[in-house]
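Residue strings, one per chain:
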Amino acid sequence: MAVLCAALMLSMIGTVGAQPDVLNTLTLGQPEFLQIDSESPINYQYSVGQPTLVTFQAISNAGAQPVLNILRDGMSIASDSNAGAQPVVTLSTLLNAGRYTVEASTLNGASGSLVLVVQNEMPVAPTTLANGESVSGELDSNIPAVLYSLTALNERAYLFIESGSEQSSPKIRLMNALTGEEIAKFSWALMGVHLGIPANSGEYQLEITHSSSEGVEAYTVCFATNPRNCQSSVQPGTDSNTDSTACLVTPNSAAGVNLRQTASMDAPITVVVPSGVSLRTIGIAPDRAFYNVVYGASSGWVA
């Protein structure tokens, strides 16, 4: 219904819109009408007073496909380049407190009319992760995002994030809480990721958001100086509808392979897996140098 109403308004208002050099302010539920006649985007100002999951939507008339880009201090925070050339673009992103610039443009610089609107604002209160703490949760359309804060300790620490399902997994982003710099981002093609947090390296913010697919997406997060504390509490989920033999690895050395606690050649060895034994994989390290596998009642990492 919102799309239909916006389309009708487009046909009525024609060329009303903001000028490229004027930063009009976007307000929840109040549509802005744009006429784009060049490749230059039209910019709007948007502010939030606390961490908030915000949904922007741009709707075009026939012949012009919208493109959205969210910036802070000149740096792109989130964007949708509309690779599918759709007439409607919906962009949901978690924004920290501050002022942002919302750029609206069209694919290939085509001329046309757009409606730009902030559809939804959902404040997200951060939860502090303490050393040795493990937290599990679920995301869905009603709770689409969670936010965790953590402070680097005086020694190296580890951050474990695991998916609870092999069918659908949330997305994660690790940020520097003081500068807003994006440190790591994962689309959850993997089932999980283990990150090392350097000693005395500042404050961090971990964002976990629903992937926008159907259904519930479970996750577990653990922050600890001792990786064993996390491995005992972070257990990848299983799905009864998933074939557990879909991806296997087999040691090709006559001496077998070392099953390690983390994805590092320096990590302690849990057990030596004999040659010829097939191991079910449940994840892969970001550099693709280690597999996360299951061996009997244990799980660990093999090179």
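Structure report, in brief. Since this is a predicted model, take the numbers as computed values, not measurements.

Our focus in this paragraph is unusual backbone geometry. Its identity as a non-glycine residue notwithstanding, Asp73 has a phi of 55°, on the positive side. When you line up the elements, Asp73 lands in the loop between β5 (66-72) and β6 (75-80). The exposure class of Asp73 is exposed, given its relative accessible area of 78%. Located in the positive-phi region is Asn108, a residue other than glycine, with phi close to 65°. Mapped onto the elements, Asn108 comes out in the loop between β8 (98-106) and β9 (112-123).

The next subject is the pattern of salt bridges. This model, assessed by the stated rule, comprises two salt bridges. Note that Glu182 is salt-bridged to Arg173, the shortest N-O span being 3.4 Å. For Glu182, a relative accessible area of 36% gives the class partly exposed. By relative accessible area, which is 8% here, Arg173 ends up buried.

With that out of the way, let us pick up the pairing of strand β13 (residues 157-163). When you tally the buried positions in β13, you get seven out of seven residues, the bulk of the element. The alternating pattern of β13 places Ala157, Leu159, Ile161 and Ser163 on one face and Tyr158, Phe160 and Glu162 on the opposite face, and all of these are buried. Note that β13 and strand β16 (residues 192-197) share six bridges and pair antiparallel. Pairing of Glu162 across the sheet is with Gly192, part of β16. Pairing of β13 with strand β18 (residues 217-224) involves six bridges; the strand directions are antiparallel. When the bridges of β18 are listed, Phe160 appears paired with Cys222.

Thresholds applied
Residues numbered from 1 in each chain as written. Predicted model: local features only at pLDDT ≥ 70, side-chain atom pairs only at ≥ 80, totals over all residues. Heavy atoms only, no water. Helix = DSSP H or I, 4+ residues; strand = E, 2+ residues; numbered from the N terminus. Buried < 20%, exposed > 50% of the residue type's maximum accessible area, 1.4 Å probe, protein only. Salt bridge = Lys/Arg side-chain N within 4 Å of Asp/Glu carboxyl O. Pairing = 2+ DSSP bridges.

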